[in-house]
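Architecture at a glance
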Amino acid sequence: MSTDLKTATKLAVPGKGGRRKLTYPWILLIIAIGLVAVSVLRALTGTADLTSTGQFGAALSAAVPIGLAGLGGLWSERAGVVNIGLEGMMMLGSFAAGWVGWQHGPWAAAAAGVIGGALGGLIHAVATVTFGVDHIVSGVAVNILALGATQYLATLWFGQEGSPAMLAGGNDKQSPPMPDMPTFTVPGLSDALNTLEGHHWFLVSDVAGILGAAVTNVSWLTLLTIALFIGTFYVLWRSSFGLRLRSCGEAPISAETLGVNVYSYKYAAVLVSGALAGLGGAFLSIGVHFFQDGQTGGRGYIGLATMIFGNWRPGGVAMGAGLFGFMDAMQLRSGGPTVHALLLGLAALLAVLALLRLRAAKRTQGVVAGIAAAVLVIWYFLADTVPLELVEASPYIATLLVLALFSQRLRPPKANGKPYRRGQGT
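This report concerns the structure included in the present document.

What counts and what doesn't
Residues numbered from 1 in each chain as written. Predicted model: local features only at pLDDT ≥ 70, side-chain atom pairs only at ≥ 80, totals over all residues. Heavy atoms only, no water. 1 Å grid on protein atoms, 1.4 Å probe; cavity = no way out; pocket = protein on both sides within 12 Å on 5 of 7 lines; lining within 4 Å. Points joined across faces, edges and corners; volume = space filled by probe spheres on them. Helix = DSSP H or I, 4+ residues; strand = E, 2+ residues; numbered from the N terminus. Nonpolar A, V, L, I, M, F, W, Y, C, P; charged D, E, K, R; others polar. Axes fitted to C-alpha atoms, helices over the stretch in contact; angles between N-to-C directions. Parallel < 35°, antiparallel > 145°, perpendicular 65-115°, else oblique. Contact = heavy atoms within 4.5 Å. Buried < 20%, exposed > 50% of the residue type's maximum accessible area, 1.4 Å probe, protein only. Arc of directions from axis to C-beta. Salt bridge = Lys/Arg side-chain N within 4 Å of Asp/Glu carboxyl O. Phe/Tyr/Trp six-rings, centres within 6.5 Å; stacked < 30°, edge-to-face > 60°. Core = buried A, V, L, I, M, F, W, Y, C linked by side-chain atoms within 4.5 Å. Expected span 1.5 Å × (residues − 1). Polar contact = N/O pair within 3.5 Å; in protein donor to acceptor, adjacent residues only side chain to side chain.

With that settled, the discussion passes to empty space enclosed by the protein. Taken as a whole, this structure holds one cavity of 30 Å³ or more when the rule is applied. For the largest cavity, the calculated volume is near 70 Å³. Around the largest cavity sit Gly80, Val81, Thr128, Val129, His135, Tyr263, Lys266, Lys418, Pro419, Tyr420 and Arg421, which together line it. At the level of elements, α5 (106-130) and α13 (262-288) are the ones that each hand at least two residues to the lining of the largest cavity. Residue classes in the lining of the largest cavity are distributed as five nonpolar, three polar and three charged.

Quick look at the structure:
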């Protein structure tokens, strides 16, 4: 049956054979070019924080909840269920973590976040899989329901006059504080990399700053997230379970004729999706030690964007989460000067894009990209910083730019979002 499923899945993927595979040497080359480009940008602009351990440590922390939401979306949509309810599932996870965390500690908070997010996933699965509700409508409903439920329960449980939660520091907008989540630092290596970073040598100090973020004060939940990305790849692409699940998103009728219980796999995928998003929400609460109203801040939607940018693959989701996490951390840590330095980097990328489009005879796109690059260069030299409003909006602007630039090369699962009823192929 596995061979037949592989055949059915491949037939549902148009044009797969003509697409060049991105091999590991090419990936390493792209990473090396990126490191050199960032080093050059740091040297030209004099913005030391661009490659500092603090910047990339903050970026890693900011990338975790976004990456978990994106990974959750990947599980759901690989099974053919569109999940724009990720934001609501993150809210439920964040609230559950705050509720349990102040009483039982951060590890219990993480487990509660998983359960809270899975509950949101269950609601979405019942609506879409069992009752055939439109996936977008159901996702929006989950988001609205989660927002209202968390605000109501926060008032009831945290803000009630004279309650233990209020006496412990809670109110109708946030939970009482919880203890710290342990972190780890690699002794010796962390100090050595910090010393190298302080010399500000070209490329060497930049690489030391980036690597230092991976060995200094790293949360154990960050390591768990990395393990979940690796595990997702092996489960979905290296196991018979993953093959059956992905077949439900590519050709559910064919999968059903081969004996796959499509409903069960869709349910499992959406539950895992909600659990991962809930863990992302729990990470936010644990990181600041309490649940707070509006804590997710649209990260569920950005996670959805990372899934699309990553072409429904774990590696692509990780890259997208890293990019958006970097932008999120940058606007919180460095503000205007670092965003101002990135104008020059973005101008260089647009100039390269303009040349590639002109070479491909796409003159309109090439000219537009070239004009945009020139505008950014002029802006960089005429101003010393960028407005605060633009700094705060930079993660969302980056999301729109990435989706606009890469949307033409994306291929979602063929049956993603399409209604499916058992027995419809007979």
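Moving on from the model shown.
Take the packing of helix α11 (residues 240-250) against α13 next. Their axes nearest at 9 Å, the elements α11 and α13 cross at an angle of 100°. Between α11 and α13, the angle falls in the class roughly perpendicular. The residues of α13 that touch α11, namely those facing Phe241, Arg244, Leu245 and Cys248, are Val262, Tyr265, Lys266 and Ala269. Partitioning the contact of α11 with α13 into residue classes produces six nonpolar, no polar and two charged.

This part covers the layout of surface pockets. Taken as a whole, the second largest pocket spans an internal volume of roughly 560 Å³. Here the element with the most residues in the lining of the second largest pocket is α13; it accounts for five residues. Across the lining of the second largest pocket, the residue classes tally to eleven nonpolar, eight polar and four charged.

Our next topic: helix α9 (residues 204-213). Of all the residues in α9, the buried ones are Ser205, Asp206, Ala208, Gly209, Gly212 and Ala213. Within α9, the buried residues cover an arc of 160° as seen down the axis, which keeps them to one side.

In this section: the pattern of salt bridges. Two side chains carrying opposite charge are able to pair once their charged atoms lie near each other. Under the counting rule described, the total for this entry stands at five salt bridges. In this structure, Lys173 engages Asp293 in a salt bridge whose closest nitrogen and oxygen atoms are separated by 3.7 Å. Note that Lys173 is positioned in the loop between α7 (164-167) and β1 (183-184) and Asp293 in the loop between α13 and α14 (299-309), a separation of 120 residues in sequence. In this structure Lys173 comes out as partly exposed when scored by relative accessible area, which is 47%. By sharing partners, the salt bridges in this structure join Arg78, Glu250 and Arg411 into a single network.

For any pair of aromatic rings, the description rests on two quantities: the centre-to-centre distance and the angle between the ring planes. Counting across every chain of the model gives twelve aromatic pairs. Each ring, one from Phe56 and one from Phe326, has its centre 5.4 Å from the other, and the planes form 50°; the classification is tilted. In this pair, Phe56 sits in helix α3 (residues 53-78) while Phe326 sits in helix α15 (residues 314-333), placing the two residues 270 residues apart along the sequence. With a centroid separation of 5.2 Å and 35° between ring planes, the pair formed by Phe184 and Trp220 is classed as tilted.

What follows concerns the environment of Gly70. In this fold, Gly70 is placed in helix α3. For Gly70 and Leu119, which are 49 residues apart along the polypeptide, the C-alpha to C-alpha distance reads 18 Å. The contact partners of Gly70, leaving out residues within four places of it in the chain, are Gly303, Thr306, Met307 and Val317.

Glancing now at the nonpolar core. Within the largest apolar cluster, 46 residues are counted, with the highest numbers of intra-cluster contacts made by Leu74, Trp75, Leu221, Leu236, Leu245, Ile286 and Met307. Those elements giving two or more residues to this core turn out to be α3, α4 (86-104), α5, α10 (220-237), α11, α13 and α14. Sort the elements by how many residues they give to this core and α13 lands first, with twelve residues. What Leu221 contacts, discounting residues up to four positions off in sequence, is Trp107, Ala110, Met181, Leu279, Phe283 and Ile286. Residues Ile66, Phe326, Ala347 and Val391 belong to the second largest nonpolar core, which totals 28 residues.

Right, let's get into α10. Helix length check: α10, at 18 residues, gives a terminal C-alpha distance of 26 Å against a target of 26 Å (1.5 Å per residue), a fit within 8%. Within α10 the residues assigned to the buried category are Leu221, Thr222, Thr225, Phe229, Thr232, Leu236 and Trp237. Buried residues of α10, seen end-on, are gathered within an arc of 120° and therefore sit on one face of the element. Buried positions along α10 lie against α3, α5, β2 (218-219), α11, α13 and α15. With a side-chain oxygen lying 3.1 Å from the backbone nitrogen of Leu221, the N-terminal cap of α10 falls on Ser219.

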